[in-house]
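Fold and contact review
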Amino acid sequence: MKSEHEWYYEVSKSTPQQALMALREAWKRCFNKTAGHPLFKKKGKRDSFTLEGTVKILGNNKIQVPVIGVLKTYERLPQVKPKSITISREATRWFISFRFEVETQNSEHIDVVGVDLGVKSLATFSTGEVIVGAKSYKKYEAKLSRMQWLNRHKVIGSANWKKAQLQIARLHRKIANIRKDTLHKLTTLLAKNHGTVVIEDLNVSGMLANRKLAKAIADMSFFEFRRQLTYKCELYGSKLVVVDRWFPSSKTCSNCGTKKETLTLNERVFECSECGFVIDRDLNAAINLSKAAS
Ligand SMILES: [Zn+2]
């Protein structure tokens, strides 16, 4: 291998190990059908690597990493001993993310909350709370598609093309950050403030066909939503319940339990023909989910 890939030995030895571990995880997810097959990694595209072990934080703005040496950072560093760090590049900036161990807490909450992920709003809770989600990235998305369109005839590799590519990459980063932030706020809110959180299971193929999901979740993937909820529930000492994807959360009356034969996506209000109960469609589904946990 040495003669073929010299660069393999230019980096810290934990870096290729971490990459292989990530690949193993990716294939595992692929075989479990929770994700598609892993994509090839190439220099210049989504550059990132993970370092483990001998990483030292020196003061507020300096970090020592193997092989590379001391790096200065723009933001203040957390004063902890990291288990590992991941260095990644987005457009022209480099980012460091940390992994460290924390003590889990015991939740002081005992209530159960059901969560319905939807189109109109990001999420509806069985408590009646509705999380609308970030609207702000829509205007950036329009800007992005315009920029891509304007860039269509530029000569690939030319100075103008490079300039435009950089602008496009920056906009992509901005949109991705808004989405990430929205999803993190939602999962923290749920895990921190409730004893039990109930969500519906969604698989990948189902998700691609499911127009029901808000763009923020559809784009970030349900896998990420569930991943965040799983570790945050553990952190805050709450319980996560994932209900089978065939559970008729939308079609069932949350008042009397009667199940409807059909319910189209356009029906935004649930009306029960048995008991006459009328309720918002998403709230009805969220309440059914909260009941499914007990
Ligand atoms: Zn009913």
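Fair warning: this is a prediction, and the values are worked out from it, not measured in the lab.

1. Structural notes on the overall build of the protein
Secondary structure summary: the protein contains 7 helices and 13 strands in total. Its C-alpha atoms give the protein principal-axis dimensions of about 75 × 55 × 40 Å. Taking all 294 residues of the protein together, the buried fraction comes to 34%. Taking all contacts inside the protein whose residues are at least 6 apart in sequence as the whole, residues at least 24 apart take part in 58%. Distance between charge centres in the protein, computed from 51 positive and 28 negative side chains, equals 10 Å.

2. So, the coordination of the zinc ion
Four donors placed tetrahedrally about a metal ideally form angles of 109.5 degrees, and six donors placed octahedrally ideally form angles of 90 or 180 degrees. Within the protein, Cys253 (SG), Cys256 (SG), Cys272 (SG) and Cys275 (SG) serve as the donor atoms for the zinc ion, at 2.2 to 2.3 Å. Exposure remark for Cys272: the relative accessible area of 8% places this residue in the buried category. You can call Cys275 partly exposed: its relative accessible area is 36%.

3. Observations concerning the environment of Leu122
Note that Leu122 resides in the loop between β7 (112-117) and β8 (123-125). In this structure Leu122 comes out as buried when scored by relative accessible area, which is 2%. Taking the C-alpha atoms as reference, Leu122 lies 31 Å from Ile85; in sequence the two are 37 residues apart.

4. Some thoughts on the packing of aromatic side chains
One pass over the full model with this rule turns up 1 aromatic pair. Relative to Phe31, the ring of Trp27 lies with its centre 5.6 Å away and its plane at 25 degrees, an arrangement referred to as stacked. Taken together, the positions of Trp27 and Phe31, both in helix α1 (residues 14-31) and 4 residues apart, correspond to about one turn of that helix. The partly exposed category is assigned to Trp27, whose relative accessible area is 36%. Geometry around Trp149 places Arg152 over its ring, the cationic atom sitting 4.0 Å from the centre. Seen from the ring of Phe270, Lys260 lies directly overhead, with NZ or CZ sitting 5.0 Å from the centre.

5. Describing the packing of helix α3 (residues 159-193) against helix α6 (residues 222-236)
Running from N to C, α3 and α6 cross one another at 40 degrees; their axes reach a closest spacing of 9 Å. As α3 packs across α6, the resulting crossing turns out to be right-handed. Touching Leu183, His184, Leu186, Thr187, Thr188, Leu190, Ala191 and Lys192 of α3 are Glu224, Phe225, Gln228, Leu229, Tyr231, Lys232, Cys233 and Tyr236, all from α6. Among the residues making up the contact of α3 with α6, the classes are represented as 9 nonpolar, 4 polar and 3 charged.

6. Quick word on the pattern of salt bridges
Close approach of charged atoms allows side chains with opposite charge to pair. Under the counting rule described, the total for this entry stands at 8 salt bridges. For Arg89, the salt bridge identified is with Asp47, shortest N-O distance 2.6 Å. Highlighted residues: Arg89 in strand β5 (residues 84-90) and Asp47 in the loop between α1 and β1 (48-52), separated in sequence by 42 residues. By relative accessible area, Arg89 is classed as partly exposed at 31%. One salt bridge in this structure joins Arg227 and Glu224, with 2.9 Å as the shortest N-O distance. Placement of the pair is Arg227 and Glu224 together in helix α6, with a separation of 3 residues, close to one helical turn.

7. Describing the sheet that holds strand β4 (residues 69-72)
Strand order across the open sheet formed by 3 strands is β2-β3-β4, with antiparallel pairing between neighbours. Two strands bound the open sheet, and with one partner strand each, they are β2 (56-58) and β4. Neighbouring strand axes in the sheet, compared pairwise and without regard to direction, differ in orientation by 30 degrees on average. Sheet analysis places β2 next to strand β3 (residues 62-65), joined by 3 bridges and oriented antiparallel. The residue bridging Lys56 from the neighbouring strand is Gln64, located in β3.

8. Remarks on the environment of Ser290
Take Ser290: it is sitting in helix α7 (residues 281-292). In the structure, Ser290 is positioned 284 residues away from Glu6 in sequence and 55 Å away in space, judged by C-alpha atoms. Those residues in contact with Ser290 that sit more than four places away from it in its chain are Val112, Val113, Gly114, Ser126 and Val198. Polar contacts involving the side chain of Ser290 include one to the main-chain carbonyl oxygen of Ile287, which spans 2.7 Å.

9. Examining unusual backbone geometry
Backbone geometry places Val67, a non-glycine residue, at a positive phi of 65 degrees. Counting through the fold element by element, Val67 comes out in the loop between β3 and β4.

Cut-offs used in this document
- Every chain's residues receive numbers from 1 upward, in the order its sequence appears when written.
- At least 70 in pLDDT is required for a residue's local features to be given in this predicted model, at least 80 for side-chain atom pairs to be given and counted, and no such filter applies to totals for whole chains, interfaces and linings, which use all residues.
- Based on all heavy atoms of the structure, the side-chain values leave hydrogens and waters out of the count.
- Secondary structure counts use DSSP, requiring at least four H or I residues in a row for a helix and at least two E residues in a row for a strand, with both numbered from the N terminus.
- Under the scheme applied here, a residue whose accessible area is under 20% of the maximum for its type counts as buried, over 50% as exposed, and between as partly exposed, the area being computed with a 1.4 Å probe on protein chains only.
- By the convention used here, residues are in contact when the closest approach between their heavy atoms is within 4.5 Å.
- When charges are counted, Lys and Arg are positive and Asp and Glu negative, with His and the chain ends excluded.
- Taken as the charge centre is NZ of Lys, CZ of Arg, CG of Asp or CD of Glu, depending on the residue.
- Here a donor is any nitrogen, oxygen or sulfur atom (N, O, S) within 2.8 Å of the metal, with 3.2 Å used for Na, K and Ca; water is not among the atoms considered, so some sites may look incomplete.
- Stacked, tilted and edge-to-face pairs are distinguished by plane angle, under 30 degrees for stacked and over 60 for edge-to-face with tilted covering the rest, among Phe, Tyr and Trp rings (Trp via its six-membered ring) whose centres lie within 6.5 Å.
- A ring has a charge above it when a Lys NZ or an Arg CZ is no more than 6 Å from the ring centre and no more than 35 degrees off the ring normal.
- Between the N-to-C directions of two axes lies an angle of 0 to 180 degrees, each axis being a line fitted to C-alpha atoms and, for a helix, fitted only over the stretch in contact.
- Rotating anticlockwise by less than a right angle from the far helix to the near helix defines a left-handed crossing, while the corresponding clockwise rotation defines a right-handed one.
- Note on residue classes: Ala, Val, Leu, Ile, Met, Phe, Trp, Tyr, Cys and Pro are nonpolar, Asp, Glu, Lys and Arg are charged, and everything else, Gly too, is polar.
- A carboxyl oxygen of Asp or Glu within 4 Å of a side-chain nitrogen of Lys or Arg is what we treat as a salt bridge.
- Strands qualify as paired when DSSP identifies two bridges or more between them.
- Counted as a polar contact is a pair of N or O atoms within 3.5 Å, where, for protein atoms, one must be capable of donating a hydrogen and the other of accepting one, and residues adjacent in sequence contribute only when both atoms are in side chains.

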